[in-house]
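What follows is each chain in one-letter form.
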Amino acid sequence: MRASLYKMIMCAMAIAAAPRAAPAEPTLDGARSTAYAGYCRLDMGGRGTGDESYTGFRYRPRPRSILYAECRYLDRFEEREARFRGGASSGFAGVWNLAAELSIAPGAAIYPRFAGSIELGRPVARSLALSGRLNASAYGDAALFGAAVTSEYYPRGDCALISRIGVATIDFEGTPASTDGSALVKVIWFVDDRTRVFAYGASGSESYRIETIDRAGDIRSDAVGAGAAFFVFPSVAVSPSIEYQKRERGPRFLQLGLEISLVR
């Protein structure tokens, strides 16, 4: 990155608070608006395959602020569902960053029917930023409440090390509530202002993000992933990704994703 470290930290915090449509986080610094669409193919071994497609829009009205909206469609476990979500992230008081998100998926069995989160963060040193997040999700037969702490460390100007520790309590109807933890470590290398690559590893019941009911509860899973975001034309970015997940119970999961973004 060619921007100052302080500007990079604040921009990265805004991106981290925005929706993770794909792990590549393809909203590149300086973009005023981004329209994107993507597709993920999930191979669940003996349990078959699944598909998820999505489209959305991000708008940056001013530096350190993002507004976004997204629609997803999932075909998995013989269920077909749609989910709509939106949110915002904004800086205030010079160094703080506040983000919030809401989503709905009427009648869903896999997606949370209602979900929301709020996140607050700030730089705490020249090369370190911290944030805390609270979230809640209401599934068809379960309720989840979670909290996470994220750190973003920049050992050098073109590299970011992101770590997250989270805990979530989920209460399924008719069974005792369970409380489970998760941890994530992710490295992002900013090759230049328009190209980045990443790799991550995660472990726990909520291995990478709180999205679907099959990743919630006392099911330990270990996951690794990698991908990139780069421009193939001056305003068109491509973000391929891959994730492998090994579960304590059930088959292994292999997910391939591709996202295309129109950046202005």
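Residues numbered from 1 in each chain as written. Predicted model: local features only at pLDDT ≥ 70, side-chain atom pairs only at ≥ 80, totals over all residues. Heavy atoms only, no water.

### Some thoughts on the environment of T169
- Structurally, T169 is set in strand β9 (residues 159-172).
- Separated by 11 residues in sequence, T169 and D180 place their C-alpha atoms 6.5 Å apart.
- Other than its neighbours up to four places away in sequence, T169 contacts A143, L144, F145, A177, S178 and T179.
- Among the polar contacts listed, one links the side chain of T169 to the side chain of T179, at a separation of 2.8 Å. (Helix = DSSP H or I, 4+ residues; strand = E, 2+ residues; numbered from the N terminus. Contact = heavy atoms within 4.5 Å. Polar contact = N/O pair within 3.5 Å; in protein donor to acceptor, adjacent residues only side chain to side chain.)

### Section: the side chain of E52
- By the secondary structure assignment, E52 is in strand β2 (residues 49-59).
- Relative accessible area serves as the criterion here: at 5%, E52 is assigned to the buried category.
- A polar contact is formed between the side chain of E52 and the side chain of R72, at a distance of 3.1 Å.
- A distance of 2.5 Å separates a polar atom in the side chain of E52 from a polar atom in the side chain of Y111.
- Beyond its immediate chain neighbours, meaning those up to four positions away, E52 contacts G38, Y39, C40, R72, Y73, L74, R76, Y111 and E211. (Buried < 20%, exposed > 50% of the residue type's maximum accessible area, 1.4 Å probe, protein only.)

### With respect to the confidence of the model for the chain
- For the chain, the average pLDDT comes to 85, and 86% of its residues sit at 70 or higher.
- Scored below 50 in pLDDT, residues 1-27 makes 102 contacts in the model with residues more than four places away or belonging to other chains. (pLDDT = per-residue confidence, 0-100.)

### Re unusual backbone geometry
- Despite not being glycine, F77 shows a phi value in the positive range, around 55°.
- Relative to the helices and strands, F77 is located in the loop between β3 (65-76) and β4 (79-92).
- Phi angles above zero are rare outside glycine, and A93 is one such case at about 55°.
- Checked against the element boundaries, A93 lands in the loop between β4 and β5 (96-104).
- When its relative accessible area of 63% is taken as the criterion, A93 is described as exposed.

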